[in-house]
Amino acid sequence: MNRKGKFIVIEGLEGAGKSSAIATVKQYLQRAGHEVVCTREPGGTALAESLRTLVKQVQDDEVVAPQTELLLMYAARMQLLVNVIQPALIEGKWVLGDRHDMSSRAYQGGGRQLDEAFINQLRHAVLGDLTPDLTLYLDIDPAIGLERAKARGELDRIEQEQLTFFQRTRQKYLQIAASEPNIEVIDASQSLEQVQDSILAVLRRVFE
Ligand code: Z5A
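Residues numbered from 1 in each chain as written. Predicted model: local features only at pLDDT ≥ 70, side-chain atom pairs only at ≥ 80, totals over all residues. Heavy atoms only, no water.

### A short note on the packing of helix H4 (residues 101-111) against helix H7 (residues 163-179)
Right, so step 1: Orientation of H4 relative to H7, taken along the N-to-C sense of each, is 130°, at an axis distance of 8 Å. Between H4 and H7, the interaxial angle falls into the category oblique. In the crossing of H4 with H7, the sense of the turn from one axis to the other is right-handed. Contact with H4, carried on its side by Met-102, Ser-103, Arg-105, Ala-106, Tyr-107, Gly-109, Gly-110 and Gly-111, involves Phe-165, Phe-166, Arg-168, Thr-169, Lys-172, Tyr-173, Ile-176 and Ala-177 of H7 and no other residues of that element.
Right, so step 2: Of the residues belonging to the contact of H4 with H7, the class tally is 8 nonpolar, 5 polar and 3 charged. (Axes fitted to C-alpha atoms, helices over the stretch in contact; angles between N-to-C directions. Helix = DSSP H or I, 4+ residues; strand = E, 2+ residues; numbered from the N terminus. Parallel < 35°, antiparallel > 145°, perpendicular 65-115°, else oblique. Left-handed = near helix turned anticlockwise from the far one by under 90°. Contact = heavy atoms within 4.5 Å. Nonpolar A, V, L, I, M, F, W, Y, C, P; charged D, E, K, R; others polar.)

### Remarks on the layout of surface pockets
Right, so step 1: Size it by volume and the largest pocket reaches roughly 780 Å³.
Right, so step 2: Residue lining of the largest pocket: 38 residues in total, with Glu-14, Lys-18, Asp-98, Arg-99 and Glu-159 positioned closest to the centre.
Right, so step 3: Listed by contribution, the elements that provide at least two residues to the lining of the largest pocket are helix H1 (18-31), helix H2 (46-56), helix H3 (66-90), H4, helix H6 (142-150) and helix H8 (192-207).
Right, so step 4: Ranked by the residues each element gives to the lining of the largest pocket, the list is headed by H1, at 5 residues.
Right, so step 5: Across the lining of the largest pocket, the residue classes tally to 11 nonpolar, 13 polar and 14 charged.
Right, so step 6: The calculated volume of the second largest pocket comes to roughly 290 Å³.
Right, so step 7: If you go around the second largest pocket, you meet 19 residues; those closest to its centre are Arg-105, Arg-123, Thr-131, Pro-132 and Glu-180.
Right, so step 8: At the level of secondary structure, the elements contributing two or more residues to the lining of the second largest pocket comprise strand S1 (7-12), H4 and helix H5 (116-127).
Right, so step 9: Among the residues forming the lining of the second largest pocket, the class breakdown is 7 nonpolar, 6 polar and 6 charged. (1 Å grid on protein atoms, 1.4 Å probe; cavity = no way out; pocket = protein on both sides within 12 Å on 5 of 7 lines; lining within 4 Å. Points joined across faces, edges and corners; volume = space filled by probe spheres on them.)

### Some thoughts on the packing of aromatic side chains
Right, so step 1: Counting across every chain of the model gives 5 aromatic pairs.
Right, so step 2: Note on Tyr-107 and Phe-165: the rings are 6.2 Å apart at their centroids and 50° apart in plane angle, and the pair reads as tilted. Of this pair, Tyr-107 sits in helix H4 while Phe-165 sits in helix H7; the two residues are 58 residues apart in sequence, bridging distant segments of the chain. An identical accessibility class is assigned to Tyr-107 and Phe-165; each is buried.
Right, so step 3: With centroids separated by 4.5 Å and ring planes inclined at 20°, the aromatic side chains of Tyr-137 and Tyr-173 adopt a geometry described as stacked. Of the two residues, Tyr-137 is situated in strand S4 (residues 134-139) and Tyr-173 in helix H7; the sequence distance between them amounts to 36 residues. Comparing Tyr-137 with Tyr-173 shows no difference in burial state: the two are buried.
Right, so step 4: The structure contains a cluster of three or more aromatic residues connected by ring pairs, namely Tyr-107, Tyr-137, Phe-165, Phe-166 and Tyr-173.
Right, so step 5: Taking NZ or CZ as reference, Arg-77 lies 4.6 Å from the ring centre of Tyr-74, over its face. (Phe/Tyr/Trp six-rings, centres within 6.5 Å; stacked < 30°, edge-to-face > 60°. Buried < 20%, exposed > 50% of the residue type's maximum accessible area, 1.4 Å probe, protein only. Lys NZ or Arg CZ within 6 Å of the ring centre and 35° of its normal.)

### Description of the site of the ligand
Right, so step 1: The local shell around the ligand holds 28 residues, among which Glu-14, Lys-18, Lys-56, Ser-104 and Arg-152 are the closest.
Right, so step 2: With respect to the ligand, the backbone of Gly-17 contributes an N or O atom lying 2.9 Å from an oxygen atom.
Right, so step 3: Contacts to the ligand include Arg-152, whose side-chain N or O atom sits 2.6 Å from an oxygen atom.
Right, so step 4: In this structure the site holding the ligand corresponds to the largest pocket.
Right, so step 5: If you list the elements that add at least two residues to the shell around the ligand, you get H1, H2, H3 and H4.
Right, so step 6: In terms of residue count, the dominant contributor to the shell around the ligand is H4 (4 residues).
Right, so step 7: When its residues are assigned to classes, the shell around the ligand shows 9 nonpolar, 9 polar and 10 charged. (Near = heavy atom within 4 Å. Polar contact = N/O pair within 3.5 Å; in protein donor to acceptor, adjacent residues only side chain to side chain. Sits in = over half its atoms within 2 Å of the grid points.)

### What to know about the sheet that holds strand S2 (residues 36-40)
Right, so step 1: Taken in spatial order, the 5 strands of this open sheet run S2-S3-S1-S4-S5, and their pairing is parallel. Taken across any chain shown, the strands that pair with only one partner, and hence form the sheet edges, are S2 and strand S5 (183-187). When strand polarity is set aside, the average angle formed by the axes of neighbouring strands in this sheet is 20°.
Right, so step 2: Here S2 runs beside strand S3 (residues 94-98); their pairing, made up of 5 bridges, is parallel. (Pairing = 2+ DSSP bridges.)

Fair warning: the whole summary comes from geometry, so function is off the table for now.
Here's what the structure looks like:
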């Protein structure tokens, strides 16, 4: 794919502050004169939003296999890629993602402990060589993040998991961040203002 725009992704556990981070990055990019397309995963097209509803729904009468969860995430991702991300990047727009592939690696690979080789096969089949130009991983102790998320209301199927699930997810996030390029770890336990400053500092360093 001949991409003219750039792809920035915000990652982190629930309650890490992704929504405010997205607002900060969006404003920064628009001020720099870029056209910004915001996406969220799973979701972002009609079909992908339906898959989002399904995957988050509590299922009373059946077990949701971790493999099913993973496949639904990648089905939604494929739809988003073909319909939104690729066309935007080709047109020179900047894509700002609320979660992307790193979420599957952390939640389904770390949290659900699915086989890495299986995940990698799917990743390569769906994404090819597409990787974000920059990922901001907002790191938070899951106990704090879940408290923030709980304060917002009812928890969905994944949010109802045990704390140990989110601890494994966080470990995987940190492991990926430490071993791969273009991923910046932001301490999300700081105040909203400090988090915003840390994000802006990274953006200036990388893009100016
Ligand atoms: N998932 C997956 O398993 N595999 C995948 O491949 C993908 C996703 C793509 C998506 O649900 C679920 O799907 C998610 C991962 C899984 N599930 N879980 N569990 P979602 O999009 O609905 O959930 P989320 O992405 O985790 O969003 P969130 O809970 O809204 O997190 P957030 O956007 O980071 O939180 P926020 O709305 O920015 O902040 C939450 C509250 O905390 C809010 O009231 C803020 O004002 C407050 N906050 C934020 N930052 C601070 C600071 N620094 N200080 C104080 N208070 C703060």
